[in-house]
Amino acid sequence: MVDGSGLVSAKSCWITHARTSRAQSLPSVGCVRRFTMALLMACTDPKRRMHCWGSITDSMAQTLINQLHQMETQDAEKPIELLINSPGGDLHAACAIVDVIASVSPPVHTTALGQCLSAATLILAAGEPGHRVVHPSTRLMIHQAKKVSYAHSCGPVDMSQFDVMALEVEISKNELKATNELMIDMLARFTHRTKEKLTTDLARDKFMSAAEAVGYGLADLVHAPKTRKPAAVGV
């Protein structure tokens, strides 16, 4: 059990285990898990909590980046918590958030709940190693950047415009390739997966459960739900 202070009971669990199990060199898995969750709880401060809620846009990125810099100014060491529940959105806006997370001094602890899809997974994976948490019911998904569709006028078209259109399509195709390579490079750094593996997985939408996301390297642990005592049943 973890009390209001978060860290105290976990330390007690660790010490008690060490005294009663001297024959074992390591504490139990359950005790380590409770100790880890207590550390996560102990560093949580509502004043240093941010929310990535909904579609990722330039406006959201600006807000989160401003908050990150403000919190860094207030305290350059105390952790910042970022809660994520997002269907994804603008990849370049997400990359801007990721770059600032990597540049500010305080460690940023990321937590995913609800859904964490597409570009949102980059932000989750960019969190402080060991402090990237996923809630049990969260669904996650990674995929490559979407192709750009082109619309043209149904009226008369000057034949000379086709060369210009072909050049624009080629430029956009190269930019899309560069964007996908950037995303694969970032995910390879965060998940320690090979670029070849990521290229194959991102070719189609790849959905994951919370446990699968931890196994893939997008997160470090699944948030343990509270242990509730069964309600007393009257006779």
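All residue numbers refer to position in the chain's written sequence, counted from 1. Where local features are concerned, this predicted model is filtered to residues with pLDDT of at least 70; where side-chain atom pairs are given and counted, the filter is 80 or more; whole-chain, interface and lining totals use all residues. Side-chain numbers come from the whole structure's heavy atoms, not from hydrogens or water.

A. Molecular detail of the side chain of T110. As for its placement among the helices and strands, T110 is situated in strand 3 (residues 108–117). We define a polar contact as two N or O atoms separated by no more than 3.5 Å, with the added condition that, inside protein, one atom must be a possible hydrogen donor and the other a possible acceptor, whereas residues neighbouring each other in sequence contribute only through side-chain atom pairs. One polar contact links the side chain of T110 to the main-chain carbonyl oxygen of L124, over a distance of 2.8 Å. Throughout, a residue-residue contact means that at least one pair of heavy atoms, one from each residue, lies within 4.5 Å. In contact with T110, other than residues within four places in its own chain, are L82, I84, I123, L124, G127, H131, R132 and V133. We count a stretch as a helix when DSSP gives it H or I for four or more residues in a row; a strand needs E for two or more, and each element gets its number in order from the N terminus.

B. Quick peek at the pattern of salt bridges. The working definition used for a salt bridge is a side-chain nitrogen of Lys or Arg within 4 Å of a carboxyl oxygen of Asp or Glu. Within the structure shown, the criterion is met by four salt bridges. Here E81 and R49 are joined by a salt bridge, their closest N and O atoms 3.0 Å apart. Taken together, the residues E81 in strand 2 (residues 80–86) and R49 in strand 1 (residues 49–53) connect sequence positions 32 residues apart. As a salt-bridge pair, R132 and D220 come within 3.0 Å of each other at their nearest N and O atoms. In this pair, R132 is assigned in strand 4 (residues 132–134) and D220 in the loop between helix 8 (210–216) and strand 7 (221–222), connecting sequence segments 88 residues apart. Throughout, exposure labels follow a simple rule: accessible area from a 1.4 Å probe, protein chains only, divided by the maximum for the residue type, with under 20% read as buried, over 50% as exposed, and the rest as partly exposed. A relative accessible area of 28% means that D220 is categorised as partly exposed.

C. Expanded view of helix 4 (residues 91–103). Expected helix span is taken as 1.5 Å per residue step, with the number of steps being one fewer than the number of residues. A rise of 1.5 Å per residue sets the reference length of helix 4, with its 13 residues, at 18 Å; its end C-alpha atoms lie 18 Å apart and thus fit the reference within 8%. All of the buried residues in helix 4 are L91, A93, A94, C95, I97, V98, V100 and I101.

D. Structural detail: the packing of helix 3 (residues 58–74) against helix 4. Direction vectors running N to C along helix 3 and helix 4 enclose 10°, while the axes themselves pass 9 Å from each other. Put simply, helix 3 runs roughly parallel to helix 4. On helix 4, the residues that touch D58, A61, L64, I65, L68, H69 and E72 of helix 3 are A93, A96, I97, V100, I101 and S103. Residues belonging to the contact of helix 3 with helix 4 are distributed by class as follows: nine nonpolar, two polar and two charged. All axes are obtained by fitting lines to C-alpha atoms, using only the stretch in contact for helices, and the reported angles, taken between N-to-C directions, cover 0 to 180 degrees. Should an angle fall under 35 degrees it is taken as roughly parallel, and over 145 as roughly antiparallel, whereas 65 to 115 is taken as roughly perpendicular and any remaining angle as oblique. When residues are grouped by polarity, Ala, Val, Leu, Ile, Met, Phe, Trp, Tyr, Cys and Pro land in nonpolar, Asp, Glu, Lys and Arg in charged, and all others, Gly among them, in polar.

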